[in-house]
Every structure is written in C-alpha cells, then in structure tokens.
Amino acid sequence: MRSNLFQATSKMVALARAGEISIARKLFDELPERDTVAWNAMLSSYSQLGWHREALCLFKQLRISSAKPDQFTFTAALSASASARDVRYGMLIHGLVVVCGCEDAVAVNNSLIDMYGKCRSPCSSRRVFEEMSGWNEVSWCSMLFAYTNSGLLDVAAQVFHAMPRKVRVSWNIIIAGHAQYGNTEPCLILFREMRENNCCPDQWTLNSLMKACTIVEEPCLGHMIHGYMMKSGFKFQSSILSFYSELGSQGDVLKVLETIETTLDQVSWNAVIDAHMKLGNTHEAFLLFQQAPENNVVSWTIMIAGFARSGHEREALCLFADMRRTDKEPDELTFGAVLLACSSLAVLGHGMAIHGCLIQYGFEARSYVGNGLVNMYTKCGDLQASSRAFIDIAQKDLVSFNAMLFAYGLHGWATRALQLYDDMILSGITPDEVTFIGLLTTCSHAGLIERGQLLYESMHSIHGLTHEMHHVACIVDMLSRGGFIPEARSLAINYYEGGRSDDGPDGAVLVGACSGKV
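Procedures and definitions
Residues numbered from 1 in each chain as written. Predicted model: local features only at pLDDT ≥ 70, side-chain atom pairs only at ≥ 80, totals over all residues. Heavy atoms only, no water. Helix = DSSP H or I, 4+ residues; strand = E, 2+ residues; numbered from the N terminus. Contact = heavy atoms within 4.5 Å. Areas by Shrake-Rupley, 256 points an atom, 1.4 Å probe, with all protein chains shown as cover. Lys, Arg positive; Asp, Glu negative; His and termini not counted. Charge placed at Lys NZ, Arg CZ, Asp CG, Glu CD. pLDDT = per-residue confidence, 0-100. Buried < 20%, exposed > 50% of the residue type's maximum accessible area, 1.4 Å probe, protein only. Expected span 1.5 Å × (residues − 1). Polar contact = N/O pair within 3.5 Å; in protein donor to acceptor, adjacent residues only side chain to side chain. Disulfide = S-S within 2.5 Å. Axes fitted to C-alpha atoms, helices over the stretch in contact; angles between N-to-C directions. Parallel < 35°, antiparallel > 145°, perpendicular 65-115°, else oblique. Nonpolar A, V, L, I, M, F, W, Y, C, P; charged D, E, K, R; others polar. Phe/Tyr/Trp six-rings, centres within 6.5 Å; stacked < 30°, edge-to-face > 60°. Salt bridge = Lys/Arg side-chain N within 4 Å of Asp/Glu carboxyl O.

Novice: Looking at this model, I keep getting lost on the overall build of the protein chain. Mind explaining?
Specialist: When helices and strands are tallied, the protein chain shows 31 helices and zero strands. With the C-alpha coordinates aligned to their principal axes, the bounding extent of the protein chain is approximately 95 × 55 × 50 Å. For the protein chain, restricting intrachain contacts to residue pairs at least 6 apart in sequence, the fraction spanning at least 24 positions comes to 59%. Per element, the accessible surface of the protein chain, about 25,500 Å² overall, is 54% carbon and sulfur. Within the protein chain, the 53 negative side-chain charges are centred at a point lying 5 Å from the centre of the 41 positive side-chain charges.

Novice: Looking at this model, I keep getting lost on the confidence of the model for the protein chain. Mind explaining?
Specialist: The predicted structure's coordinates, where accompanied by low pLDDT, should not be read in detail. On average, residues of the protein chain score 87 in pLDDT, and 94% of them are at 70 or above. Note on residues 501-506: pLDDT under 50 across the span, and four contacts to partners over four residues away in sequence or across chains.

Novice: Quick question: what am I supposed to make of the side chain of Thr 184 here?
Specialist: As for its placement among the helices and strands, Thr 184 is situated in helix α12 (residues 184-196). Thr 184 gets classed as buried once you look at its relative accessible area, which sits at 15%.

Novice: Sorry if this is basic, but what is going on with helix α13 (residues 203-216) here?
Specialist: Residues lying three or four places apart along an α-helix face the same way, a consequence of the helix completing one turn every 3.6 residues. Taking 1.5 Å per residue as the helical rise, α13 with its 14 residues ought to reach 20 Å, and the 20 Å between its terminal C-alpha atoms agrees with that figure. Residues Thr 205, Leu 206, Asn 207, Ser 208, Leu 209, Met 210, Ala 212, Cys 213 and Thr 214 constitute the buried set of α13. Those residues of α13 hidden inside the fold are in contact with α11 (168-179), α12, α14 (219-231) and α15 (238-247). Between the side-chain oxygen at the start of α13 and the backbone nitrogen of Trp 204 there is a gap of 3.1 Å, and the oxygen is on Asp 202.

Novice: When you look at unusual backbone geometry in this model, what are you seeing that I'm missing?
Specialist: One can expect most non-glycine residues to show negative phi and most peptide bonds to be in trans. Not every positive phi belongs to a glycine, and Asn 198 is a case in point at roughly 60°. Along the chain, the position of Asn 198 falls in the loop between α12 and α13. Phi angles above zero are rare outside glycine, and Ala 346 is one such case at about 55°. Within the fold, Ala 346 resides in the loop between α21 (332-345) and α22 (348-360).

Novice: Would you explain the environment of Ser 343 in this entry?
Specialist: One can find Ser 343 in helix α21. Along the backbone, Ser 343 and Leu 247 are 96 residues apart, and their C-alpha atoms lie at a distance of 26 Å. When residues no more than four places from it in sequence are discounted, the contact partners of Ser 343 are Gly 372, Asn 375, Met 376 and Lys 379.

Novice: Please explain the environment of Ser 142 as it appears in this structure.
Specialist: Its place among the elements puts Ser 142 in helix α9 (residues 137-149). For Ser 142, a relative accessible area of 11% translates into the label buried. Considering only alpha carbons, one finds Ser 142 and Gln 203, 61 residues apart in sequence, at a separation of 20 Å. Dropping the residues within four chain positions of it, Ser 142 is found in contact with Asn 110, Ile 113 and Asp 114.

Novice: Whenever I open this one, the state of the cysteines confuses me. Can you help?
Specialist: Tallied over the full model, the rule gives zero disulfides. Free cysteine: Cys 220, not disulfide-bonded; nearest cysteine sulfur from Cys 213 at 10 Å. Note on Cys 474: no disulfide assigned, nearest cysteine sulfur contributed by Cys 443 at a separation of 9.7 Å.

Novice: Looking at this structure, I do not really get the packing of α11 against α13. What am I missing?
Specialist: In helix packing, the relevant descriptors are the interaxial angle and the interaxial distance, both defined with respect to the helix axes. Across the interface, α11 lies against α13 with an axial gap of 8 Å and an inter-helix angle of 10°. Judged on the interaxial angle alone, α13 and α11 are roughly parallel. Residues Asn 172, Ile 175, Ala 176 and Ala 179 of α11 form the contact with α13, whose own contacting residues are Trp 204, Thr 205, Ser 208, Leu 209, Lys 211, Ala 212 and Ile 215. By residue class, the composition of the contact of α11 with α13 is seven nonpolar, three polar and one charged.

Novice: Got a minute to help me understand the packing of aromatic side chains in this structure?
Specialist: Two aromatic rings are characterised by how far apart their centres lie and by the angle between their planes. Going through the model one piece at a time under the given rule, you end up with 20 aromatic pairs. On the numbers, 5.7 Å between centres and 65° between planes, the contact of Phe 335 with Phe 363 is edge-to-face. Taken as a pair, Phe 335 in helix α21 and Phe 363 in the loop between α22 and α23 (367-379) lie far apart in primary sequence, 28 residues in all. We classify Phe 363 as buried; its relative accessible area is 8%.

Novice: Could you clarify how one ought to interpret the side chain of His 226 in this entry?
Specialist: Tracing the chain through its elements places His 226 in helix α14. Here His 226 falls in the buried class, since its relative accessible area comes to 14%. Sequence-distant contacts of His 226, that is, excluding residues within four places in its chain, are made with Met 210, Ile 240, Tyr 244 and Val 256.

Novice: How should the pattern of salt bridges be read in this particular structure?
Specialist: Side chains that differ in sign of charge can pair as their charged atoms come close. Counted by the stated rule, this structure contains 13 salt bridges. When the shortest N-O distance is used, the salt bridge between Asp 86 and Arg 53 registers 3.2 Å. Placement of the pair is Asp 86 in the loop between α5 (71-83) and α6 (87-99) and Arg 53 in helix α4 (residues 52-63), with a sequence separation of 33 residues. Classification of Asp 86 by relative accessible area gives buried; the value is 16%. Of the charged contacts in the structure, one is a salt bridge between Asp 422 and Arg 451, with a shortest N-O distance of 3.5 Å. Residue Asp 422 is found in helix α26 (residues 414-426), and its partner Arg 451 is found in helix α28 (residues 449-461); the two are separated by 29 residues along the sequence. Asp 422 gets classed as partly exposed once you look at its relative accessible area, which sits at 31%. We classify Arg 451 as partly exposed; its relative accessible area is 29%.

Novice: Any chance you could explain the environment of Asn 371 here in plain terms?
Specialist: Counting through the fold element by element, Asn 371 comes out in helix α23. Given the relative accessible area of 6%, Asn 371 is considered buried. Separated by 100 residues in sequence, Asn 371 and His 471 place their C-alpha atoms 23 Å apart. If sequence neighbours within four positions are ignored, Asn 371 has contacts with Ile 393, Asp 397, Val 399 and Ser 400.

Novice: Looking at this structure, I do not really get the packing of α21 against α23. What am I missing?
Specialist: Running from N to C, α21 and α23 cross one another at 10°; their axes reach a closest spacing of 9 Å. Here α21 is positioned roughly parallel relative to α23, judged by the angle of their axes. Contacts from Glu 332, Leu 333, Phe 335, Gly 336, Leu 339, Cys 342 and Ser 343 in α21 reach Tyr 368, Val 369, Gly 372, Leu 373, Asn 375, Met 376 and Lys 379 in α23. The residue makeup of the contact of α21 with α23, split by class, is eight nonpolar, four polar and two charged.

Put into structure tokens, the structure is as follows:
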C-alpha cells in the first residue's frame, strides 16, 4: 500500500511539473489514502505554479483531514500566503505553526519572515527573527528584504551591515531596494563596495542598476551600465530593453532586439512585448504575444495595460475576458490595468463587473486596486461608489487620498474635499504637488478664496513644496473668478518674470488669462 502511494505521489509531481496540474489534482483526489507527503506534494505543486489560492484552499482541506502538517507543509502554505499577499491567512498559519510545535524549525521561521516581509509587515518579521535561537543566511536575507520591500531603507542598511557574512543575494536585495525608488547614487556606491568585497555581480545586480536608471531616466548612466554588461559577457537582458523603451528610443530598442541570439525565456518574451507596447507598436506586440510559447499573468497584464494606455480600451477589455477563460489568474496589476480601460471608456457596467470579479479574489482592500476603483467610479459619475471604494482600502496611501480629493472636487463637494485633506494630514500622510492641484481647483470652483490662499501659502511654508505652473494657474483662476483681477494679474506677472523661464510661453498664458477676465 505504501509503495502504491509513493508511486502515485511521484506521478502526481511529474504531472504538475509538466504543466498538467489539473490531471495531477484529479489523481490526488482519487487517492484512497493520503499521507502528509502526498498533501505536501500537491501543495508545493500549486505554490510553485503560482496557483496560490488553490494552495491555500487545499491547506484548509488538509486541516480537517487525518494527515498531520509538518514543517514542509507550513513552508509551502506560507509561500502561497506570501505570494497572495494574504497576511491574515499567513497569521492563521503562524498560529498553527505554534500549536503543532514547529516554531523551532529554521525553515518555517524563515518562511514566516518572508511571508510578513512580502505582506509589508516588517515589524512582524522582526519579531519572528528575534525569537529564533539561531539564524542562517536565508534568515538574514529574508529580514533584509522585509525592510527594503517596505521602503525602510535606513533600517535595511542597519540589518545589512549587521550581517555576519554578506552573500551575493544580500547585496542584490539592498541594491534592488534602492533601485525601486530610483536612488542611483546609493546603488552605485553599493555596487562599488560589492566588487571591492570580491563579490561578483550577476544579472540580478545589473538589472537592478538598469531599473534605477530607467526610473529616473539617466541615459548616460544607463548607457554605461549597458556597456559594462556587454563587456562582462552578459547576454540579452530584459532590463536593457525596458530602459530604452522607457526612453522612447526606438533605434536602440531595435539594436538590442537584433543582438538576441539565444532562445528567449518567459521574462525575455515579456520584455520584448512590453518594449513594442511602450513604443506604440500594439499590432507587433499582439503578434508576439500570440507567437510566445507560453503566456503567464505578466504577459497578459502587459498586453491589457498596453492597450488601455494606447487608446485601445475595448481591446483591453476583450483581452481580459480571454484571460478569464484560461487557467491564468489575474493579479493586482491586471485589475489595475483593466480598471484603467473602464475609466477611459467611462462604462459603469463593465467597471462594476470588474469590481465584483476582484472581490472574488479578495483584492478590493489593496491600495493599488482600490485607487483604480475610486478613479473608475469617479469618471463614471458615481461618487457614492467612489467613496465606498475609498473606505474599503485597508491601508490608504497618498494616491488614495489624492484620487478621492479629485473626486469630491470634480463633483463640487468642496467641504468633503477639505475635510478629507485634514484627515489625510492627521493620518500622517504628507501631501504632494498633485494634492494641491486638486485642492486649489476645488477652492477655485467653490469660490473659497481665503481657504485657497492659505493652502497655496502652506505649500512652501509648511510642506516645502515649490509653486509650479499648475498651482499658480489655479490660484490665478480662483482670484479672477472672485473679481480680484489686479491681484491675479500681479501674481501671474511675478511668476512669469520671477526667473521661471523653464515654463516657456506658459507664463505668458497666465497673464493673458487674467486679461481675458477683465
């Protein structure tokens, strides 16, 4: 009997690795008896293929079966929770780890640190880390990632310097952490220190450097890193293609494509498709999408987002419907892209259908998706639905507040907008230039001249923000609407003649606008 179970489990794993996960599950369900190894094999198969929700559902079934979970069960389930960004379920698994007496297993603790880190709960990662009796390199790297993933780069630097041995992965994590915010200087300093410590950079190191250059649009530095990669013998890298496509350099993109000599992997196929989309070659991108050996969730998201950004919103919606008919599950970015298409078309029915779909996946509380819902309902004219979507966001960020501020302002709810701004300040979120464009526009349309002037002055005096063209235009419009033409004209002239030559003719437009109000 044990021999038959072992053979069935081995066959199940082989089927999953061959992509036949449905057949593997059917075989699993037909097993007359399932031991912990069989459960672990099915759990790991789901987790490795990205079927995280299925993995978590299977873990629930295991809990009511006669099988007892072990440390391999918990690492697979925690991996699924981490990838699904489901911190609540991860916490439930953490409790079961303690109940089952697996809290001393290093691999399980490392998985807990990783899960909390990916769910952006670094304090929980830290507690697990500190309660461990001993750490290995995975423990340190997981803790380091927990801080970089949450943007706590200063704390991450402390962890990095405290590491007893800095392996290549740790260097890559700290460099990637700075790269995601476009901090090119720290990236280059760490890159130099890495080489001085006789740690050779790999493709992940160099891809992070290219990503930093892409975010801040550093052409010269990007060219230098590209040259270093070629000199060091690195073949085609997707980050190079992304860099040139973001710059809109079609000639350089084509040159990079001509250098491809090897068979492309999934990441490279996606990079090539994305490059064509960003250059506006939607037809070419679609042909490549169809020709690719396999399309994962990233491939589908690139196509949907590309169509939505380039004015082909209906194609984006059709492609999303096609994706739903496959075994590929949409993620946060996919929903964000399809919500953008719904917003551009202002089709409430489609938007509500997408809303229902993302609720099924448990994404409605995520800030990225929630922000998209707020924008979509605002553009469709349903302010109450926008407000409900805003309330549902678990951790509201600056984009969330800005989206809701614009929604209230657009619909003439000035009092609500100003109250929301006060709530935002009280919550500790610092406003940016976009926030004040929304506030000043709201005050202008509502005739709240005194409050608008106070907000305008607070930009620099309290928040250290520079008055840009759009802000001056808002305050000039507000004063002009209120009949304060001399004050508006004086402000416009002072701005135009105050050394703001970088605005070109736009400053003259401000003065002309005042004249038009006379």
